[in-house]
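Here are the chains, one letter per residue:
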Amino acid sequence: VLSADTTAATRGCQLWHTLLVPSLLNQDEVPAEEKLAAVEAAVSLVSSAECVPALLGVVQSSRHTMDLRLQSMEVLAACTQVEEACRLLSEQHPEVKDCAWGFVQQESLGNANSPTRQLNQAASLIVGALSAGPVSNEFEEDQDIEQLIKTSVSMSTAPDTLRGDGAPQCLGVLATLSRLL
């Protein structure tokens, strides 16, 4: 993922995506040993000094394909589903929440399964998970709460394609909004 070469970055991101996303985000039954391996991989990724900034770099870079940016955001979203990894992200990488918040604030265009919508959906899961602790001052502004409401309304109520549990795509934004209110 750290490589300046797009092909190498894609392979690295695909590896993390394969290890984490099916086991941590998909709500289908996953064998216990597979889930444990994914949990350990998530904590290892977040503990690494270089991996999280590299994934954020991919997400924020317009030189990478939308699919690669989406995979990177989904890897970060999967990490937030592991309590220890989520705590580490919150403490050591506050820029993850800032980056995800930026994507949540953007209007999601396209159909329910478009990469832009899926990127927004993964970002909303990150914001929701990283907002689970005490509410920080960054969301206390009325315009931020108003933006969350607008985002949740604009997001599709179509079934979530990332988690695969049939919940609406706006679930992450609604979870964050409910914590704030």
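Reference entry: report on the structure contained in this document. Because the structure is a prediction, the values reported are computed rather than measured.

Counting its regular elements, the protein chain contains nine helices and zero strands. Residue burial in the protein chain is summarised as follows: out of 181 residues, 49% are buried. In the protein chain, the share of contacts with a sequence separation of at least 24, taken over all contacts with a separation of at least 6, comes to 67%. Split by element, the accessible area of the protein chain, about 8,600 Å² in all, is 52% carbon and sulfur.

With seven of ten residues buried, helix H3 (residues 51-60) is to be regarded as a mostly interior element. Those residues of H3 not exposed but buried are Cys 51, Val 52, Ala 54, Leu 55, Leu 56, Val 58 and Val 59. Buried positions along H3 lie against helix H1 (6-24), helix H2 (32-47), helix H4 (66-79), helix H5 (83-92) and helix H6 (94-105).

What follows deals with the packing of H2 against H5. Close contact between H2 and H5 brings their axes to 8 Å; oriented N to C, the two are set at 10°. The pairing of H2 with H5 is recorded here as roughly parallel in orientation. Of H5, the residues touching H2 (which contributes Ala 42, Val 43, Val 46 and Ser 47) are Glu 84, Ala 85, Leu 88, Leu 89 and Gln 92. Partitioned by chemical class, the residues of the contact of H2 with H5 number six nonpolar, two polar and one charged.

Let us look at the side chain of Arg 69. Along the chain, the position of Arg 69 falls in helix H4. The buried charged residue Arg 69 lacks any salt bridge, with Asp 67 as its nearest oppositely charged partner at 10 Å. Aside from chain neighbours lying at most four places away, what touches Arg 69 is Val 58, Val 59, Ser 61, His 64, Phe 103 and Leu 119.

Tallied over the full model, the rule gives two salt bridges. The closest approach of N and O atoms between Glu 84 and Arg 87, which form a salt bridge, is 2.5 Å. With Glu 84 and Arg 87 both in helix H5 and three residues apart, the pair spans about one turn of that helix. Overall, the relative accessible area of 36% leaves Arg 87 in the partly exposed class. Of the charged contacts, one joins Glu 91 and Arg 87 as a salt bridge, the two residues approaching to 2.7 Å between their closest N and O atoms. With Glu 91 and Arg 87 both in helix H5 and four residues apart, this pair spans about one turn of that helix.

Cut-off values and rules
Residues numbered from 1 in each chain as written. Predicted model: local features only at pLDDT ≥ 70, side-chain atom pairs only at ≥ 80, totals over all residues. Heavy atoms only, no water. Helix = DSSP H or I, 4+ residues; strand = E, 2+ residues; numbered from the N terminus. Buried < 20%, exposed > 50% of the residue type's maximum accessible area, 1.4 Å probe, protein only. Contact = heavy atoms within 4.5 Å. Areas by Shrake-Rupley, 256 points an atom, 1.4 Å probe, with all protein chains shown as cover. Axes fitted to C-alpha atoms, helices over the stretch in contact; angles between N-to-C directions. Parallel < 35°, antiparallel > 145°, perpendicular 65-115°, else oblique. Nonpolar A, V, L, I, M, F, W, Y, C, P; charged D, E, K, R; others polar. Lys, Arg positive; Asp, Glu negative; His and termini not counted. Salt bridge = Lys/Arg side-chain N within 4 Å of Asp/Glu carboxyl O.

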